[in-house]
Amino acid sequence: DAMVIQNPRYQVTQFGKPVTLSCSQTLNHNVMYWYQQKSSQAPKLLFHYYDKDFNNEADTPDNFQSRRPNTSFCFLDIRSPGLGDAAMYLCATSRDFGIGETQYFGPGTRLLVL
Amino acid sequence: DAKTTQPNSMESNEEEPVHLPCNHSTISGTDYIHWYRQLPSQGPEYVIHGLTSNVNNRMASLAIAEDRKSSTLILHRATLRDAAVYYCIEDNYGQNFVFGPGTRLSVLP
C-alpha cells in the first residue's frame, strides 16, 4: 500500500551529467515537497508545489529544478550534479498547505555522484 | 534555522518508557508542535502533533507544557524498532517545516 513512491532507491550519476529523480503519490494530495538530506544531517527543504504553483526556497541552488506534470507525479532535475550534491533526496506530500498538516514521506532516493 | 532544541542522543532499555524532550521557547500562540521520526535508511514518518492539550495516539503521547515553550514525546514501551532519529518541529502557519538535528534514540535489549 505504498503511498509515496520514489524510484529508483539508489541512483548513480557522473559529475556534471544531468539526472532526474522521480516521485509519485497515490494520496491525491495537493502539495508535494522535495527535501535534500546529507549524511548525518536533517532533511532540508528544496522546494514545494501547491497544485501547479511552484515555490522555491530562497537558498536552493539554481542547479536544482522541479516539474509536476500532474497531481500524482513530481520530478527533481539536477542539471549539473557536483560531488556536493550526493545525498538522500526525499519526496513528501500533504493534503493541503497550512498549519497542522501532516507530511507523508517516501523512502528516498540516494544519489551518488562519481 | 530550526526553532527547536533537542538532546543529540538518548538511550533507553527495551520495554521501558522513553521521554524525549524538546524546547521551543519562541513558539507563538497558533504554532503546532509536530514530531516525526526517521528509522535507518527510511524517510521520516509522522508520529504525533499538538497545539495546547496533551495528545495520544497509537504510537505515542505528546505532553505540552502549560506555557507551550517545551514538550515531551512519550513512548510508553520502547521496542527495538523504535530506534530512530526523532525530530521535533515547530509548525508556523505559512512556513515550511524546518527540521533540526533531532534526537538519536538507541534502544538496548
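Structure's up top.
From a predicted model like this one, the values you see are computed outputs, not experimental measurements. (Residues numbered from 1 in each chain as written. Chains lettered and ligands numbered in written order. Predicted model: local features only at pLDDT ≥ 70, side-chain atom pairs only at ≥ 80, totals over all residues. Heavy atoms only, no water.)

*Asks:* Can you tell me about the pattern of salt bridges, naming the residues and giving the values?
*Replies:* With the rule as written, the count across this model stands at six salt bridges over all chains. Residue A:Asp77 is joined to A:Arg67 by a salt bridge in which the shortest nitrogen-to-oxygen separation is 2.7 Å. With A:Asp77 in strand β8 (residues 73-78) and A:Arg67 in strand β7 (residues 64-67), this residue pair connects regions lying ten residues apart in the sequence. Judged by relative accessible area, which is 14%, A:Asp77 ranks as buried. B:Arg77 serves as the salt-bridge partner of B:Glu15, at 3.2 Å between the closest nitrogen and oxygen. (Salt bridge = Lys/Arg side-chain N within 4 Å of Asp/Glu carboxyl O. Helix = DSSP H or I, 4+ residues; strand = E, 2+ residues; numbered from the N terminus. Buried < 20%, exposed > 50% of the residue type's maximum accessible area, 1.4 Å probe, protein only.)

*Asks:* Which residues make up a nonpolar patch on the surface, and what values go with them?
*Replies:* On the surface, A:Val12, A:Leu112 and A:Leu114 cluster together into a nonpolar patch covering about 290 Å² of accessible area. Relative to the elements of secondary structure, A:Val12 occurs in strand β2 (residues 10-13). (Patch = residues over 30% accessible without salt bridge, like charges linked within 9 Å, V, L, I, M, F, W, Y side chains within 5 Å. Areas by Shrake-Rupley, 256 points an atom, 1.4 Å probe, with all protein chains shown as cover.)

*Asks:* Tell me about unusual backbone geometry, residues and numbers included.
*Replies:* All names here are of chain A. Cis geometry is found at the peptide bond from Asn7 to Pro8, where omega equals -10°. Here Pro8 is to be found in the loop between β1 (4-7) and β2. One non-glycine residue with positive phi stands out, namely Ser40, at about 60°. Here Ser40 is to be found in the loop between β4 (31-37) and β5 (44-50). Since its relative accessible area comes to 73%, Ser40 is described here as exposed. The backbone of Asp51 shows a phi angle near 55°, a positive value even though the residue is not glycine.

*Asks:* Explain the sheet that holds strand β3 (residues 32-38) of chain B residue by residue, including any values.
*Replies:* Residues and elements named next belong to chain B. Strand order in the open sheet made by the five strands is β1-β9-β8-β3-β4, with mixed pairing throughout. Pairing within the sheet leaves two strands with one partner each, and these edge strands are β1 (9-13) and β4 (45-50). Within the sheet, the average angular offset between the axes of one strand and its neighbour, ignoring direction, is 25°. Relative to β4, β3 runs antiparallel, the two sharing five bridges. Across the sheet, the residue bridging to His34 is His49, located in β4. (Pairing = 2+ DSSP bridges. Axes fitted to C-alpha atoms, helices over the stretch in contact; angles between N-to-C directions.)

*Asks:* Now, about the sheet that holds strand β5 (residues 55-56) of chain B: what can you tell me, with residues and values included?
*Replies:* All names here are of chain B. Read across the open sheet, the four strands follow the order β2-β7-β6-β5; overall the sheet is antiparallel. Unpaired on one side and paired on the other, β2 (18-23) and β5 mark the two borders of the sheet. In this structure, β2 lies alongside strand β7 (residues 70-75), joined through six bridges in antiparallel fashion. Within β7, the position partnered with Cys22 by the bridge is Ser71.

*Asks:* Could you give an account of the interface of chain A and chain B, with specific residues and numbers?
*Replies:* The accessible area lost on association of the parts is a frequent measure of interface size. With 21 residues of chain A at the interface, the matching set in chain B holds 23 residues. Buried surface at the junction of chain A and chain B, both sides included, amounts to about 1500 Å², of which 59% is carbon and sulfur. Our enumeration of links across chain A and chain B arrives at zero salt bridges. Our count for the contact surface shared by chain A and chain B stands at six residue pairs in polar contact (both at pLDDT 80 or more). Per-element accounting of the side of chain A that touches chain B gives the leading share, three residues, to β4(A). (Contact = heavy atoms within 4.5 Å. Buried area = accessible area lost by both parts, 1.4 Å probe. Polar contact = N/O pair within 3.5 Å; in protein donor to acceptor, adjacent residues only side chain to side chain.)

*Asks:* So what's going on with the packing of aromatic side chains? Which residues, and what values?
*Replies:* Inspection of the entire model under this criterion finds 14 aromatic pairs over all chains. Taken together, a centroid distance of 5.3 Å and an interplanar angle of 45° make the contact between A:Tyr35 and A:Phe105 tilted. With a gap of 70 residues between them, A:Tyr35 in strand β4 and A:Phe105 in strand β10 (residues 104-105) connect regions that are remote in the sequence. By relative accessible area, which is 0% here, A:Tyr35 ends up buried. Centroid distance A:Phe105 to B:Phe99: 6.1 Å. Interplanar angle 80°. Geometry classified as edge-to-face. One end of the pair, A:Phe105, is in strand β10; the other, B:Phe99, is in the loop between β8 (84-91) and β9 (103-108), on a second chain. Accessibility expressed as a relative area gives 12% for A:Phe105, which makes it buried. Residue classification places B:Phe99 among the buried positions, given a relative accessible area of 7%. In this structure an aromatic cluster arises from ring pairing among A:Tyr33, A:Tyr35, A:Phe105, B:Tyr36, B:Tyr46, B:Tyr87, B:Phe97 and B:Phe99. (Phe/Tyr/Trp six-rings, centres within 6.5 Å; stacked < 30°, edge-to-face > 60°.)

Interpretation note: all reported values are geometric properties and have no functional meaning in isolation.
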